[in-house]
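Residue-level listing of the chains:
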Amino acid sequence: MVLLAQLRKHLVTAAAAVAVATSVVLPSLASADDVIKWKVQSHWPGASSSYKDSLERIKRVLEERTDGRLQLQLFESGALFKPNETFNAVSRGIIQMGTISPGYAQDKLSLGGIASGLPFAFHNVWEAVYFHKNMGFEEKLRAEAAKYGVYYSTDKIYPTEMVIKKPVESWDDFTKLKIRSSGALQKFLTEAGAAGSYIPGGELYQALSTGVVDGAHWGASQGAKSMGLYEVAKYHVKPALNIAGTDVFIVSQKALDKLPDGMAKIVKDALEEQFWLRTNEYLYQERVSLATAMRDEGVQINTLPDDVQKRLTATAQKTWDKEAERSPEAKAIVEELRGFLKDLGYL
């Protein structure tokens, strides 16, 4: 309910702002010479649902609201740069816009690891949304990125959840798991006692079906379904490993400053609106995907026992402490997060 209330509030505000900007400032498109073209490097492959639902959506919205004057030229992951090079390319103005995971820019953003998702922190998506928008985390991320000439805007917030072949009913069950993972979550799962290992997406189904691994995460339900994982792993694990703003739009501040009067506001308002639309849409799509898998493929929800959750949370907090060491700003955010989670009764 909190998320829906916030969604309604922010959609009304963003829509009103866009209506004012488009009705007052921008003249009609006069000629092809008036068209501004931005190159946009994505971290999503073209086949990804987010490439269509997020990137192609913002392209369509910006072209509509600028009367065709701002056009985005989209490039899928790796077409121009490696995903971890996109932040620098936008910062230097080589391209005007991109999408990244904040973890790709941790050498610049000390808050990037936190933004990528601290394990076993938030229990529900609305909590992460509240922390980002109502408690100022998004603004702190934006301020850090601004030091590099980059405007930062989270695309959506969503969970990362595992699927496994046999249910976890005890701590002993968990520590016996071999789990396909990646990045910080792989390290976390290994430190917690399971065996985390990285397997490329193209090899994941075979590894899971042949028993090389017992479980995996690839996004949450939509990702598992798209990869066919439910065919061989019938247990969908709750709670989420993390909930985070793992997908982010970054825009060159130089490019924004060069836009005609009022157009930069249209870009920022459209990105703000997108956060609420896509977060809510993604939650809906997740629920539909999981419900379909439960009905059609016999998938069951495996909620981790309380003692397993408590042990994982204790291990996770060591990860939080390491992120807090990255900067004074990171330390302050982690302390604020802990206070928030204590208020919610989780710590």
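One can find the structure itself at the top, above this paragraph.
Now for a description of the structure that goes with this document. (Residues numbered from 1 in each chain as written. Predicted model: local features only at pLDDT ≥ 70, side-chain atom pairs only at ≥ 80, totals over all residues. Heavy atoms only, no water.)

## Comments concerning the overall build of the protein
Now for step 1: Looking only at helices and strands, one finds 14 helices and eleven strands in the protein.
Now for step 2: A principal-axis box enclosing the C-alpha atoms of the protein has dimensions of 65 × 40 × 35 Å.
Now for step 3: Residue burial in the protein is summarised as follows: out of 347 residues, 51% are buried.
Now for step 4: Taking the contacts inside the protein whose residues are at least 6 apart along the sequence as the reference set, 76% of them involve residues at least 24 apart.
Now for step 5: In the form shown here, the protein has an accessible surface area of approximately 15,200 Å², with 51% of it arising from carbon and sulfur atoms.
Now for step 6: Seen as two clouds, the 42 positive and the 42 negative side-chain charges of the protein have centres 1 Å apart. (Helix = DSSP H or I, 4+ residues; strand = E, 2+ residues; numbered from the N terminus. Buried < 20%, exposed > 50% of the residue type's maximum accessible area, 1.4 Å probe, protein only. Contact = heavy atoms within 4.5 Å. Areas by Shrake-Rupley, 256 points an atom, 1.4 Å probe, with all protein chains shown as cover. Lys, Arg positive; Asp, Glu negative; His and termini not counted. Charge placed at Lys NZ, Arg CZ, Asp CG, Glu CD.)

## Some words on the sheet that holds strand S11 (residues 300-303)
Hydrogen bonding along the main chain pairs the strands of a sheet, whether they run parallel or antiparallel.
Now for step 1: Taken together, the six strands give an open sheet; going across it, the order is S7-S6-S8-S5-S9-S11, and neighbouring strands pair in mixed fashion. The open sheet is flanked by strand S7 (195-197) and S11, the only strands paired with a single partner. For this sheet the average axis-to-axis angle between neighbouring strands, irrespective of direction, equals 30°. (Pairing = 2+ DSSP bridges. Axes fitted to C-alpha atoms, helices over the stretch in contact; angles between N-to-C directions.)

## With respect to empty space enclosed by the protein
Now for step 1: Here the structure, examined in full by the defined rule, presents one cavity of 30 Å³ or more.
Now for step 2: Considering only enclosed or pocket space, the largest cavity measures out at about 90 Å³ in volume.
Now for step 3: Along the walls of the largest cavity sit 13 residues, with Ile 114, Gly 117, Leu 118, Phe 122 and Ile 243 positioned nearest its centre.
Now for step 4: A per-class count over the lining of the largest cavity returns eleven nonpolar, two polar and no charged. (1 Å grid on protein atoms, 1.4 Å probe; cavity = no way out; pocket = protein on both sides within 12 Å on 5 of 7 lines; lining within 4 Å. Points joined across faces, edges and corners; volume = space filled by probe spheres on them. Nonpolar A, V, L, I, M, F, W, Y, C, P; charged D, E, K, R; others polar.)

## Some words on the packing of aromatic side chains
Now for step 1: Inspection of every chain in the model, using the stated rule, returns eleven aromatic pairs.
Now for step 2: Considering the side-chain rings of Phe 87 and Tyr 148, the 6.1 Å spacing of their centres and the 70° angle between planes classify their relative orientation as edge-to-face. Of the two residues, Phe 87 sits in helix H3 (residues 86-91) while Tyr 148 sits in the loop between helix H6 (137-146) and strand S4 (150-160), which places them 61 residues apart along the sequence.
Now for step 3: Here the aromatic rings of Tyr 158 and Tyr 282 are separated by 4.8 Å at their centres, their planes lie at 40°, and the arrangement is tilted. You can see Tyr 158 sitting in strand S4 and its partner Tyr 282 sitting in helix H12 (residues 263-297), a full 124 residues away along the chain. When sorted by exposure, Tyr 158 lands in the same class as Tyr 282, which is buried.
Now for step 4: Each residue in the set Phe 122, Tyr 130, Phe 131, Phe 137 and Phe 340 is aromatic and connected to the rest through ring pairs, giving one cluster.
Now for step 5: Between Lys 133 and the ring centre of Phe 275, over which it is positioned, the NZ or CZ distance is 4.5 Å. (Phe/Tyr/Trp six-rings, centres within 6.5 Å; stacked < 30°, edge-to-face > 60°. Lys NZ or Arg CZ within 6 Å of the ring centre and 35° of its normal.)

## Digging into the sheet that holds S4
Now for step 1: If you trace the five strands from one edge of the open sheet to the other, you get S2-S1-S3-S10-S4, paired in mixed fashion. Strands at the two margins of the open sheet, each flanked by one partner only, are strand S2 (70-75) and S4. The sheet shows a mean angle of 20° between the axes of neighbouring strands, direction not considered.
Now for step 2: Where helix H5 (residues 125-133) meets the sheet, it contacts S4 and strand S10 (242-252), and its direction lies at approximately 160° from that of S4.
Now for step 3: Here H12 sits on the sheet in contact with strand S1 (36-41), S2, strand S3 (97-100), S4 and S10, set at roughly 5° to S4.

## Concerning H12
Now for step 1: End to end, H12 covers 48 Å across 35 residues, agreeing with the expected 51 Å (1.5 Å per residue, within 8%).
Now for step 2: Downstream of H12 by a residue or two, Gly 298 has a phi angle that is positive, lying close to 70°. (Expected span 1.5 Å × (residues − 1).)

## As for helix H9 (residues 201-209)
Now for step 1: For H9, the full list of buried residues reads Gly 201, Leu 204, Ala 207 and Leu 208. Burial along H9 is one-sided: seen end-on, the buried residues are contained in an arc of 90°. Relative to its buried face, H9 has exposed residues pointing more than 90 degrees away, namely Gly 202 and Gln 206.
Now for step 2: Structurally, H9 contributes buried residues whose contacts are with strand S6 (178-180) and strand S8 (215-217). (Arc of directions from axis to C-beta.)

## Considering the environment of Phe 249
Now for step 1: Along the chain, Phe 249 turns up in strand S10.
Now for step 2: What makes Phe 249 buried here is its relative accessible area of 1%.
Now for step 3: Ignoring anything within four residues of it in the chain, the contact list for Phe 249 reads Ser 54, Leu 55, Ile 58, Met 97, Gly 98, Thr 99, Tyr 151, Tyr 152, Ser 153, Asp 155, Leu 271 and Gln 274.

## Description of the packing of H5 against helix H14 (residues 328-343)
Now for step 1: For the pair H5 and H14, interaxial distance at closest approach is 12 Å and the crossing angle is 135°. As judged from the angle between their axes, H5 and H14 are oblique. Relative to H14, the crossing made by H5 is right-handed. The segment H5 lies against H14, with Glu 127, Tyr 130 and Phe 131 engaging Ile 333, Glu 336, Leu 337 and Phe 340.
Now for step 2: Among the residues forming the contact of H5 with H14, the class breakdown is five nonpolar, no polar and two charged. (Parallel < 35°, antiparallel > 145°, perpendicular 65-115°, else oblique. Left-handed = near helix turned anticlockwise from the far one by under 90°.)

## Overview of unusual backbone geometry
Now for step 1: Note the cis peptide between Lys 238 and Pro 239, where omega equals 0°.
Now for step 2: With respect to the helices, strands and loops of the structure, Pro 239 is situated in the loop between strand S9 (235-238) and S10.
Now for step 3: Unusually for a residue other than glycine, Asp 67 sits at a positive phi of about 55°.
Now for step 4: Turning to its location among the elements, Asp 67 is positioned in the loop between helix H2 (49-65) and S2.
Now for step 5: Using a relative accessible area of 41% as the deciding quantity, one classes Asp 67 as partly exposed.
Now for step 6: The phi dihedral of Phe 120 falls on the positive side, at around 50°, and the residue is not glycine.
Now for step 7: Among the structural elements, Phe 120 can be located in the loop between helix H4 (112-117) and H5.
Now for step 8: On the basis of relative accessibility, which here comes to 7%, the residue Phe 120 falls in the buried class.

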